Each structure stands twice: as C-alpha cells, then as structure tokens.
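Below, each chain spelled out in residue letters.
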Amino acid sequence: MPFGKCMSRNFRNADKGNNRSGSESEKKAAIKTSPEIMIPLTGTPAEMEMQKKIVNQTAEQVFAECGERINYKVGTMIEVPRAALVADKIAHFAEFFSFGTNDLTQMAFGYSRDDAGKFLPFYLENGILEHDPFQILDQKLIAHGFFYDIFQLFFFCKTILK
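All values derive from a computational prediction rather than experimental measurement.

K.L.:
Help me understand the overall build of the chain, please; the structure alone is not making it clear to me.
P.N.:
Counting its regular elements, the chain contains eight helices and three strands. Listed N to C, the secondary structure of the chain is α-α-β-α-β-α-α-β-α-α-α in terms of helices and strands. Within the chain, the fraction of its 162 residues that count as buried is 36%. Pairs at least 24 apart in sequence give 63% of the contacts found in the chain among residues at least 6 apart.

As structure tokens, then:
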C-alpha cells in the first residue's frame, strides 16, 4: 500500500495536509486554477465519501483563512478491480475518474512491472501477448470488461445526479 494512502487511513489529517498545501500554494501564486484533487486507490464508495469530506472540510478552512474561494473537483483513480466493479456507486461521490492502467494491468494479469522486463520481451516476440500491457490496455480483458461498464455507469450516474 502506498505511503500516502496508508497515512490517510491511519492518520485522518494526512489528506488535510496535502490538500491544504495545494490550496495555499495556488492562493500565494495568484493563479486562476480549478484543481482536480484525486483520491488514490479508492476501493469502496464509503471510502470515497470519507476522503471527499476530508478534502472539502480542509478546503473550507483554507478558504475561510484566505477570504477567497477557488473552484475544485474531488475525484478518484480507478486503480483496483474492485473500484472498477463498483464505479457506479463511487460515482455518487466522485466528480471525475482517472484510470490507473499500470495498477489494473498488474492486478488483472498478476504481472509485476519490476519482473515483467524479464519475460515480457519473450511473450511479445512469441505472440503470447500482442502488446505490452503496461503500454497498451488489454482490450479483451481490462478495456472491455472494466472500462466499457465503468464509462456507461459513470455517465449514467452523472446524468441522473445532475
């Protein structure tokens, strides 16, 4: 588990610090922005809801201290198969999705990026795989199985929620 995610689960203020830093930096630079704050490795709707509340509460504190507001969105990266399967539920709390092709590939194939360099050239040369799955999404497994449903559900949910 990445350090940042571990920190946010164990120390509720970890995401607050990251969010505060980003919001304050934008204010100091006096740049018009509309940041997208992405919550990593979300696996359940409840987790996304909790993390979004932390981001929103921290943003409100910064806005109150600065006396200004900026527009921002809170979303998540769909990196784990479970998130892909419950994306329609996560969409109730996420204002955008990004897709972690590296993580989905590792979990769907069971390949480690560190180890793949040892056997992937052989697989590609001998037609076991058509493409490097870390470079191009596997259309049969990941892209069709996960993304087709995710995009349909995400846009369906966003249409209903508006």
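K.L.:
When you look at the side chain of Asp88 in this model, what are you seeing that I'm missing?
P.N.:
Relative to the helices and strands, Asp88 is located in helix α5 (residues 87–90). For Asp88, the side chain forms a polar contact with the side chain of Lys89, separated by 3.0 Å.

K.L.:
Would you take a moment to explain the pattern of salt bridges for this structure?
P.N.:
Proximity of charged atoms lets side chains of opposite charge pair with each other. Under the definition given, this model contains five salt bridges. In this structure, Glu49 and Lys53 form a salt bridge, with 4.0 Å as the shortest nitrogen-oxygen distance. A residue pair is termed a helical-turn pair when its members lie 3 or 4 positions apart in one helix, as Glu49 and Lys53 do in helix α3 (residues 45–66) at four residues.

K.L.:
Teacher, can you tell me more about the nonpolar core here?
P.N.:
General note: in soluble globular proteins, nonpolar side chains tend to be found buried as a group. The biggest cluster of nonpolar side chains holds 20 residues, and the ones touching the most others in it are Met48, Val55, Tyr72, Val74, Ile90 and Phe97. Of all the elements in the fold, those that place two or more residues in this core are β1 (36–39), α3, β2 (73–78), α4 (81–85) and α5. The biggest single contributor to this core is α3, with four residues. Excluding residues within four positions of it along the chain, Val74 makes contact with Ile37, Ile39, Met48, Lys52, Val55, Asn56, Phe93, Ala94, Glu95 and Phe96. In terms of nonpolar packing, the next biggest core, distinct from the first, is built from five residues, Tyr111, Ala116, Leu129 and Phe134 among them.

K.L.:
Which parts of the structure should I look at to understand the sheet that holds β2?
P.N.:
Where strands meet in a sheet, backbone hydrogen bonds hold them as pairs that are either parallel or antiparallel. Spatially, the three strands line up as an open sheet ordered β1-β2-β3, and their pairing is parallel. Each edge of the open sheet is held by one strand with a lone partner, namely β1 and β3 (97–99). Across this sheet, the average inter-strand angle for adjacent strands is 35°, counted without regard to direction. Relative to β2, β1 runs parallel, the two sharing four bridges. Within the sheet, the bridge partner assigned to Ile39 lies in β2 and is Thr76. Strands in contact with α3 are β1 and β2; relative to β2, the strand with the most contacts, it is inclined by about 145°.

K.L.:
So what exactly am I meant to see when it comes to the confidence of the model for the chain here?
P.N.:
Where the model shows low pLDDT, its predicted coordinates should not be examined in detail. Averaged over every residue, the pLDDT of the chain is 76; the share at 70 or more is 65%. Ranking the helices and strands of the chain by mean pLDDT puts α3 first, with 94, and helix α1 (residues 3–10) last, with 37. Taken together, the stretch residues 1–14 has pLDDT below 50 and engages in 16 contacts with residues farther than four places along the chain or on a different chain.

K.L.:
What is the right way to look at helix α7 (residues 113–125) in this model?
P.N.:
Think of an α-helix as 3.6 residues a turn; residues three or four steps apart then line up on the same face. Between the first and last C-alpha of α7 there are 18 Å, a value that for 13 residues agrees with the 18 Å anticipated at 1.5 Å per step. The sharpest bend along α7 reaches about 50° and sits at Phe119, with the proline Pro121 one to four residues further on.

K.L.:
Is there a simple way to explain α3 in this structure?
P.N.:
In a regular helix each residue adds 1.5 Å, so 22 residues correspond to 32 Å; α3 covers 31 Å between its end C-alpha atoms and thus fits that length. All buried positions along α3 are accounted for by Glu47, Met48, Gln51, Lys52, Ile54, Val55, Thr58, Ala59, Val62 and Phe63. Seen along its axis, α3 keeps its buried residues to an arc of 165°; they face one direction. Across from the buried face of α3, at angles greater than 90 degrees, the exposed residues are Ala46 and Ala64. Gly67 occupies a position one or two residues after α3 and carries a positive phi of about 75°.

K.L.:
Would you mind showing me how to read the packing of aromatic side chains here?
P.N.:
Note on aromatic pairs: each is described by the distance of the centres and the angle between the planes. Per the stated rule, a full pass over the model turns up five aromatic pairs. Members of the aromatic cluster, connected to one another through ring pairs, are Phe109, Tyr111, Phe119 and Tyr123.

Calculation notes
- Residues numbered from 1 in each chain as written.
- Predicted model: local features only at pLDDT ≥ 70, side-chain atom pairs only at ≥ 80, totals over all residues.
- Heavy atoms only, no water.
- Helix = DSSP H or I, 4+ residues; strand = E, 2+ residues; numbered from the N terminus.
- Buried < 20%, exposed > 50% of the residue type's maximum accessible area, 1.4 Å probe, protein only.
- Contact = heavy atoms within 4.5 Å.
- Polar contact = N/O pair within 3.5 Å; in protein donor to acceptor, adjacent residues only side chain to side chain.
- Salt bridge = Lys/Arg side-chain N within 4 Å of Asp/Glu carboxyl O.
- Core = buried A, V, L, I, M, F, W, Y, C linked by side-chain atoms within 4.5 Å.
- Pairing = 2+ DSSP bridges.
- Axes fitted to C-alpha atoms, helices over the stretch in contact; angles between N-to-C directions.
- pLDDT = per-residue confidence, 0-100.
- Expected span 1.5 Å × (residues − 1).
- Bend = angle between axes of the 7 residues up to and from the residue.
- Arc of directions from axis to C-beta.
- Phe/Tyr/Trp six-rings, centres within 6.5 Å; stacked < 30°, edge-to-face > 60°.

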